[in-house]
Number of protein chains: 2
Amino acid sequence: MSAQPNVLLLVPPGWGGLWQTPLSIGGLKVFAHGVDAFDPATIDYAVGFRPPPGLLASLPRLKAVFSLGAGVDGFLLDPQFPKHIPLIRFVDVTLSREMAQYAAMHVLMQHRTVNFFEAAQRDGKWRQRMLPRATEETRVGILGLGEIGTVCAERIRDHGFSVSGWSRTRKHVDGVKSYAGAGELDAFLAQCDFLVCVLPLTPDTRHILNAAAFAKLPKGAYVINIARGGHLNEPDLIAAIDSGHLSGATLDVFETEPLPEGNPIWSHPKIIATPHIAAITHPSAATRSIIDGIAALERGHAPKNVVDMTRGY
Amino acid sequence: MSAQPNVLLLVPPGWGGLWQTPLSIGGLKVFAHGVDAFDPATIDYAVGFRPPPGLLASLPRLKAVFSLGAGVDGFLLDPQFPKHIPLIRFVDVTLSREMAQYAAMHVLMQHRTVNFFEAAQRDGKWRQRMLPRATEETRVGILGLGEIGTVCAERIRDHGFSVSGWSRTRKHVDGVKSYAGAGELDAFLAQCDFLVCVLPLTPDTRHILNAAAFAKLPKGAYVINIARGGHLNEPDLIAAIDSGHLSGATLDVFETEPLPEGNPIWSHPKIIATPHIAAITHPSAATRSIIDGIAALERGHAPKNVVDMTRGY
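Scope of this entry: the structure provided in the associated data block. Computed from a predicted structure; not experimentally measured.

## Looking at the pairing of strand β2 (residues 29-32) of chain B
All names here are of chain B.
Stage number 1. The sheet contact formed by strand β1 (residues 6-10) and β2 spans four bridges and is parallel. For Leu8, the partnering residue across the bridge sits in β2 and is Phe31.
Stage number 2. Remark: the β1/helix α1 (residues 16-25)/β2 crossover connection has right-handed handedness.

This is how it looks when you write it as structure tokens:
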């Protein structure tokens, strides 16, 4: 056991400070990749989001990798990722809570026609109108009914919507209809007035939101993607909206991030685009979880929340 | 018992059609006030929102009055309201559900800084930022913890906020701190980062949201009024926002409705104004409830949801 384990921190430029101090206070020796010099032979743990391909394979003493996000696709894209090392997902109540806030808020903003009333206020006009569709007749489908998807489903269900979920295996969530497996995907899509994607990104789910899937949705359906940009074929989405089949979309994630200036998504009148902020990992929660996780590993305990490399999540 | 009870319908011009047909199908003879001729001596029931003062007192056979809204202040403003006649509130799951949707959505829109990300999208810029305040550290106070306030509190609580409520008498709602009575109002206000008003409007609660109350709120607090315009002193609110003490407000109700064109609230950059649509009484739910209520009264049953004339709600 190292007296003070050495940790390599992999976060975007400028974000290191948020993490380095609390991890150091927690008894870890932290090297920020791209900032601090470090000896690859001495690194015990890697912590972060998206390592440069090959980097982790070059660390001979690496004992475990901690993802700072719920999704680990950024690690699995590295063809040299050392698959014998445990890759540990960040599981935290604040992550699923914030994802569910974002999902419920954007469903409600469309359901309650916030845009219509904003325009009325800009015009200074009193324009009452009823809901276009009763809440209990509005069907919200959650694509991915895991830790995060379940909380999204519960929060939206509690607002009175008719909620279903789709996942690889059958799930049991009170008041939420479960569709499972590839064989039930079309039936699931056919009954989604709102489709909220919170799937993990794996080779199986890449571009699952494409022209064929959009065609299965009811006319006027609205798409919300808060999972990964790789789930959604962006030109297919724009075409399905511009044809009038879909009523619009809210996107928090994109094929290329940051979404490039000039990308047509920025200015599309029926797309709300936000910069991957549906849930932001809180340094206080995450550093606590990493410090505790490393301490447990150093005492010889089995790691928790380890990614299944076969499933990819 | 009348074979077919005669009902006087009191709704704004143009809205009668929504109600007249379903009530007629339910076996009632309906006269729309201002449209149909009727003999005051033959009216058994009145149904609607806001009778012209003195009208109800002129109906000698009146057996009960059904409000189409949860609030009955529009009836009690009539100095000649016949107080010996039961006044029946509309209590319906869709009303409290829609009020809670509106309250939760507007709390979330501020909490999640929707405006900031809308501006970033207009500029076509990727501007990430964290939440200004962690959800569990954000305190939401519900002014009025009755049927509707309780559902608002539960929905907002489930999104992870720290929720309290204030009411005339002590209430017990899981995970919601109860403040009760005039003596605890200041302590309640002092801990509200968001203040959501869902009180009934009575002489005791008129202008409860005034300069003195706003001064008790923490700096940066945000006010949401979905009860009645009469609860809030509008010039005091604007002064408290313009001084920088409050961060803004969302108002669905106003002293004068429709909010007049040119009123400064329409164009205030820190006020969201909507035209009394937080919950819209659904004709299908309400007509069912009225048809059943009249049938029960005609069979001699005691009426349900009768307003306590002493409390005024």
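Moving on from the model shown.
## Section: unusual backbone geometry
Stage number 1. The step from Glu257 of chain A to Pro258 of chain A runs through a cis peptide bond, and the omega angle for that step is -10°.
Stage number 2. With respect to the secondary-structure elements, Pro258 of chain A resides in the loop between β11 (246-251) and α9 (264-267).
Stage number 3. The backbone phi angle of Thr113 of chain B is positive, close to 50°, even though this residue is not glycine.
Stage number 4. Checked against the element boundaries, Thr113 of chain B lands in the loop between α3 (93-111) and α4 (114-123).
Stage number 5. The phi dihedral of His207 of chain B falls on the positive side, at around 55°, and the residue is not glycine.
Stage number 6. The residue His207 of chain B is located in the loop between β9 (194-197) and α7 (211-216) in this model.

## Some thoughts on the pairing of β1 of chain B
Every regular strand shows the same layout, with side chains that alternate between the two sheet faces.
Residue and element names in this part refer to chain B.
Stage number 1. The element β1 is extensively covered by neighbouring structure, given that five of its five residues are classed as buried.
Stage number 2. Burial along β1 is two-sided: Asn6, Leu8 and Leu10 and Val7 and Leu9, pointing in opposite directions, are all buried.
Stage number 3. Bridge count for β1 against strand β3 (residues 45-48) is four bridges, and the pairing is parallel. Residue pairing for β3: Leu10 is matched across the bridge by Gly48.

## Brief notes about the relation of the copies chain A and chain B
Stage number 1. It takes a turn of 180° to lay chain A on chain B, together with a shift of 0.0 Å along the axis; the resulting RMSD is 0.1 Å. Here the symmetry operator amounts to a two-fold rotation axis. The position closest to the rotation axis in chain A is occupied by the C-alpha of Met105 of chain A, lying 2.8 Å away.
Stage number 2. Both copies present the same face, since 100% of the interface residues in chain A are matched by interface residues at the equivalent positions in chain B.

## A short note on the interface of chain A and chain B
Stage number 1. Contacts between the two partners involve 55 residues from chain A, matched on the other side by 55 residues from chain B.
Stage number 2. Buried surface at the junction of chain A and chain B, summed over both partners, amounts to about 4500 Å²; 63% is from carbon and sulfur atoms.
Stage number 3. Per-residue buried area on chain A facing chain B is highest for Arg112, Gln121 and Trp126 of chain A; these three make up 18% of the total on that side.
Stage number 4. Inspection of the chain A/chain B interface yields four salt bridges.
Stage number 5. The partner of Glu261 of chain A in a salt bridge is Lys125 of chain B, with the nearest N and O atoms 3.2 Å apart.
Stage number 6. At the surface where chain A touches chain B, the tally comes to 27 residue pairs in polar contact (both at pLDDT 80 or more).
Stage number 7. Counting only elements with at least two residues in the side of chain A that touches chain B, the list comes to α3 (93-111), α4 (114-123), α5 (147-158), α9 and β12 (271-273) of chain A.
Stage number 8. Residues belonging to the side of chain A that touches chain B are distributed by class as follows: 30 nonpolar, 13 polar and twelve charged.

## Some remarks on the state of the cysteines
Residues and elements named next belong to chain B.
Stage number 1. In total, this model carries zero disulfides over all chains according to the counting rule given.
Stage number 2. Unpaired in this structure, Cys152 has its nearest cysteine sulfur neighbour in Cys197, at a distance of 11 Å.
Stage number 3. Using a relative accessible area of 0% as the deciding quantity, one classes Cys152 as buried.

The rules behind the values
Residues numbered from 1 in each chain as written. Chains lettered and ligands numbered in written order. Predicted model: local features only at pLDDT ≥ 70, side-chain atom pairs only at ≥ 80, totals over all residues. Heavy atoms only, no water. Pairing = 2+ DSSP bridges. Helix = DSSP H or I, 4+ residues; strand = E, 2+ residues; numbered from the N terminus. Right-handed = clockwise from strand over helix to strand, strands pointing away. Buried < 20%, exposed > 50% of the residue type's maximum accessible area, 1.4 Å probe, protein only. Least-squares fit on C-alpha atoms with pLDDT ≥ 70 in both. Contact = heavy atoms within 4.5 Å. Buried area = accessible area lost by both parts, 1.4 Å probe. Salt bridge = Lys/Arg side-chain N within 4 Å of Asp/Glu carboxyl O. Polar contact = N/O pair within 3.5 Å; in protein donor to acceptor, adjacent residues only side chain to side chain. Nonpolar A, V, L, I, M, F, W, Y, C, P; charged D, E, K, R; others polar. Disulfide = S-S within 2.5 Å.

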